[in-house]
Amino acid sequence: MSRTENSNNEKDSLPTFTEVSVHDPSIIKDGDAFYTFGSHLAAAKTKDLMNWEQVADGVNNNNPLFDNVKEELFETFKWAQTETLWAPDVIQLKDGKYYMYYDACKGDSPLSALGVAVANQIEGPYKDLGIILKSGMSGTSEDGTIYNARIHPNVVDPDVFFDKDGNLWMVYGSYSGGIYILKMDTKTGLPLPNQGYGKKLLGGNHSRIEGPYIQYIPETDYYYLFLSFGGLDSLGGYNIRVARSKNPDGPYVDSEGNKMINVKADPTKPIFDDLSIEPYGVKLMGNYLFRDENNDGEGYGYVSPGHNSTYYNEKTKELFIIFHTRFPNMEEYHEVRVHQMFINDEGWPVIAPYRYAGEKLENVSEKDVVGNYLYINHGKDISAEIKESQSITLQKDGKISGDVNGIWKLTEDNQVKMRIDNSDYDGVFIRQWNPEVQKYVMTFTVLSKEGVATWGSKTN
């Protein structure tokens, strides 16, 4: 895999990328720059979503985000019995200040603390306002009952957001008792009183579901709950899923109408049972590899992509997904990636196959899209298997032939509908920069009514 591929908006010039490693990246725009904050107190910034600059990294007293993080968050580290921090989230509230929701976890248990710190500038230094939630205790929990890791949340992975009416919420949780949501005070940034852990959205019995992130899209009037299923390491089968609701606190459903509140691990099965949860949620991306067109190179793909955030540009209507990913044959090495997303005719997001390189949706013709493609089917499984590309042809007569069979139709400027192996898919065509062949190619991204994503990358 090339480490230096990239592109800008001009199709006669080559894109350029500068890479960073920020695990569990949560994005926020500040002025003309985008910032992403992640685990281990890492942070990076960019102006084009392609070339990143590392701002901070490492939980140590030299990290510029805090004057002295070890002292500032002493109580957090003491409670969680750890020396590091997990996935944070930063938001600017109405007072103009920046609020960092940080969290620490012991790791081999849900002994965790979640707190908030505030700064006048996005790059800090942040001053602690205190711990707001704890989990994993041996006695009484935040809701007044004895803590039970199968039903109570692990208080990590916060995402704080405003709903369409200006109300503030925090969604959070990882494994353990599932994903929860709390109403927050818009002035203080703290939870409103008497909520305990808040309202449960899904998960439980130690099901491997984490990294919740909620994005409202005005065009559909839906709140989209993005999640990561599986284990985050290179063999964990980490994958990105989504459900939606008309309300920020649910109920959330997937594309088949399954109620996500019912999605949890089978308590009679061994811990971390993935088979109980893998049929649910719309799976947008998992392990994949576009094989080199001549099968003589490494190809291009990701392993265990996940723990995403999203950014929606209200003016341009552009939608982006930001996540970390590992790579085939590179073990636990990871980097930040940004892909563009689009809302299909069914009101569900679909992810562009290649990383963002400044591309925009354009009108396409039948001549543009007819031809041979590398084809990826992401399936619904939670598995370490890497889905390798197959070969298909979009024929002039509207048929799909090759390793899969079906029909396709260009319905509008760039919209496509497909029927493959008796499943109906809906999505878009978009021309993208293919880093493997170093040129722009036609691609498609479509989603089935069963919540399965498939991609195509044109070869000729």
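Residues numbered from 1 in each chain as written. Predicted model: local features only at pLDDT ≥ 70, side-chain atom pairs only at ≥ 80, totals over all residues. Heavy atoms only, no water.

Enquirer: Would you take a moment to explain empty space enclosed by the protein for this structure?
Expert: With a probe scaled to a water molecule rolled over the atoms, the places where space remains empty come into view. Within the structure shown, the criterion is met by three cavities of 30 Å³ or more. In this structure, the largest cavity occupies an estimated 80 Å³ of space. Lining the largest cavity we find 15 residues, and of these Ser 26, Pro 88, Pro 158, Tyr 213 and His 307 sit closest to its centre. Here the residues of the lining of the largest cavity are counted per class, giving six nonpolar, five polar and four charged. What the second largest cavity holds in volume is close to 60 Å³. Surrounding the second largest cavity, Gly 237, Tyr 238, Asn 239, Lys 283, Gly 286, Asn 287, His 378, Asp 381, Ile 382, Ser 383, Glu 385 and Lys 387 form its lining. (1 Å grid on protein atoms, 1.4 Å probe; cavity = no way out; pocket = protein on both sides within 12 Å on 5 of 7 lines; lining within 4 Å. Points joined across faces, edges and corners; volume = space filled by probe spheres on them. Nonpolar A, V, L, I, M, F, W, Y, C, P; charged D, E, K, R; others polar.)

Enquirer: For this particular structure, what's the right way to read the sheet that holds strand S5 (residues 89-92)?
Expert: Either a parallel or an antiparallel arrangement is found when strands of a sheet pair, and the pairing is made through backbone hydrogen bonds. Spatial ordering of the open sheet is given by S5-S6-S7-S8, a layout of four strands whose pairing is antiparallel. At either margin of the open sheet sits one strand with a lone partner, and together these are S5 and strand S8 (127-135). When strand polarity is set aside, the average angle formed by the axes of neighbouring strands in this sheet is 20 degrees. In this sheet, S8 lies alongside strand S7 (residues 112-119) in antiparallel orientation, the contact comprising seven bridges. Opposite Ser 112, over in S8, you have Ser 135 as the bridge partner. (Pairing = 2+ DSSP bridges. Helix = DSSP H or I, 4+ residues; strand = E, 2+ residues; numbered from the N terminus. Axes fitted to C-alpha atoms, helices over the stretch in contact; angles between N-to-C directions.)

Enquirer: Would you mind going over unusual backbone geometry with me for this structure?
Expert: Backbone geometry follows two general trends: most residues other than glycine have a negative phi, and most peptide bonds adopt the trans configuration. A cis amide bond links Gly 124 to the next residue, Pro 125, at an omega of 5 degrees. Following Gly 250, the chain continues into Pro 251 via a peptide bond in cis, with omega recorded as 10 degrees. Relative to the helices and strands, Pro 251 resides in the loop between strand S15 (239-245) and strand S16 (282-285). With a phi close to 50 degrees, Asp 421 is a non-glycine residue in the positive phi region. Structurally, the position occupied by Asp 421 is in the loop between strand S27 (415-420) and strand S28 (423-434). For Asp 421, a relative accessible area of 52% gives the class exposed. (Buried < 20%, exposed > 50% of the residue type's maximum accessible area, 1.4 Å probe, protein only.)

Enquirer: Would you mind going over the packing of aromatic side chains with me for this structure?
Expert: Geometry of an aromatic ring pair is reported as the spacing of the ring centres plus the angle between the planes. The final tally for this structure, using the stated rule, is 22 aromatic pairs. Centre to centre, the rings of Phe 34 and Tyr 311 are 5.0 Å apart; their planes meet at 85 degrees, and the pair counts as edge-to-face. Taken as a pair, Phe 34 in strand S2 (residues 33-38) and Tyr 311 in strand S18 (residues 300-312) lie far apart in primary sequence, 277 residues in all. Residues Phe 34 and Tyr 311 agree in their burial class; the two are buried. A network of ring pairs unites the aromatic residues Tyr 288, Phe 290, Tyr 300, Tyr 302, Phe 323, Phe 327, Tyr 333, Tyr 354 and Trp 455 as a single cluster. Sitting over the face of the ring of Phe 34, Lys 29 holds its NZ or CZ atom 5.4 Å from the ring centroid. (Phe/Tyr/Trp six-rings, centres within 6.5 Å; stacked < 30°, edge-to-face > 60°. Lys NZ or Arg CZ within 6 Å of the ring centre and 35° of its normal.)

Enquirer: I'm lost on the pattern of salt bridges in this one. Help?
Expert: Opposite charge on two side chains lets them pair, provided their charged atoms get close. As enumerated under the stated definition, the model contains 21 salt bridges in all. Measuring nitrogen to oxygen at the nearest pair gives 4.0 Å for the salt bridge that ties Lys 246 to Asp 221. In this pair, Lys 246 sits in the loop between S15 and S16 while Asp 221 sits in the loop between strand S13 (209-217) and strand S14 (222-229), placing the two residues 25 residues apart along the sequence. Judged by relative accessible area, which is 38%, Lys 246 ranks as partly exposed. With relative accessibility at 25%, the residue Asp 221 sits in the partly exposed group. (Salt bridge = Lys/Arg side-chain N within 4 Å of Asp/Glu carboxyl O.)

Enquirer: How should I be thinking about the sheet that holds strand S12 (residues 199-202) in this particular structure?
Expert: With respect to topology, four strands assemble into an open sheet ordered S9-S10-S11-S12, the strand pairing being antiparallel. Looking along the sheet, the strands with just one partner apiece sit at the ends: strand S9 (159-162) and S12. Across this sheet, the average inter-strand angle for adjacent strands is 30 degrees, counted without regard to direction.

Enquirer: Looking at this structure, I do not really get the pairing of S5. What am I missing?
Expert: Remember that side chains alternate between the two faces of the sheet whenever the strand is regular. In this sheet, strand S6 (residues 98-105) lies alongside S5 in antiparallel orientation, the contact comprising four bridges. Note on S6: the bridge partner recorded for Ile 91 is Tyr 99. Between S5 and S6, which pair antiparallel one after the other, the connecting turn spans five residues, and Gly 96 there sits at a positive phi close to 85 degrees.

Enquirer: Could you clarify how one ought to interpret the layout of surface pockets in this entry?
Expert: Of the pockets and cavities examined, the largest pocket occupies roughly 720 Å³. Surrounding the largest pocket, 23 residues form its lining, Phe 161, Phe 162, Tyr 213, Gln 215 and Tyr 311 being those nearest its centre. Elements that contribute at least two residues to the lining of the largest pocket include exactly strand S1 (26-30), S5, S9, S13 and S18. Broken down by class, the residue content of the lining of the largest pocket amounts to 13 nonpolar, four polar and six charged. Looking at the second largest pocket, its volume works out to about 450 Å³.

Enquirer: Hey, could you run me through the pairing of S28 in this one?
Expert: In terms of residue burial, S28 counts as a mostly covered element, since 10 of its 12 residues are buried. Of the strand pairs in this sheet, S27 and S28 are connected by six bridges, and their pairing is antiparallel. What sits directly across from Gln 415, in S28, is Val 428. As consecutive antiparallel partners, S27 and S28 are separated by two residues, and within that stretch Asp 421 has a phi angle of approximately 50 degrees, a positive value. In this sheet, strand S29 (residues 439-448) lies alongside S28 in antiparallel orientation, the contact comprising 10 bridges. Bridged to Val 428 within S29 is Thr 445.

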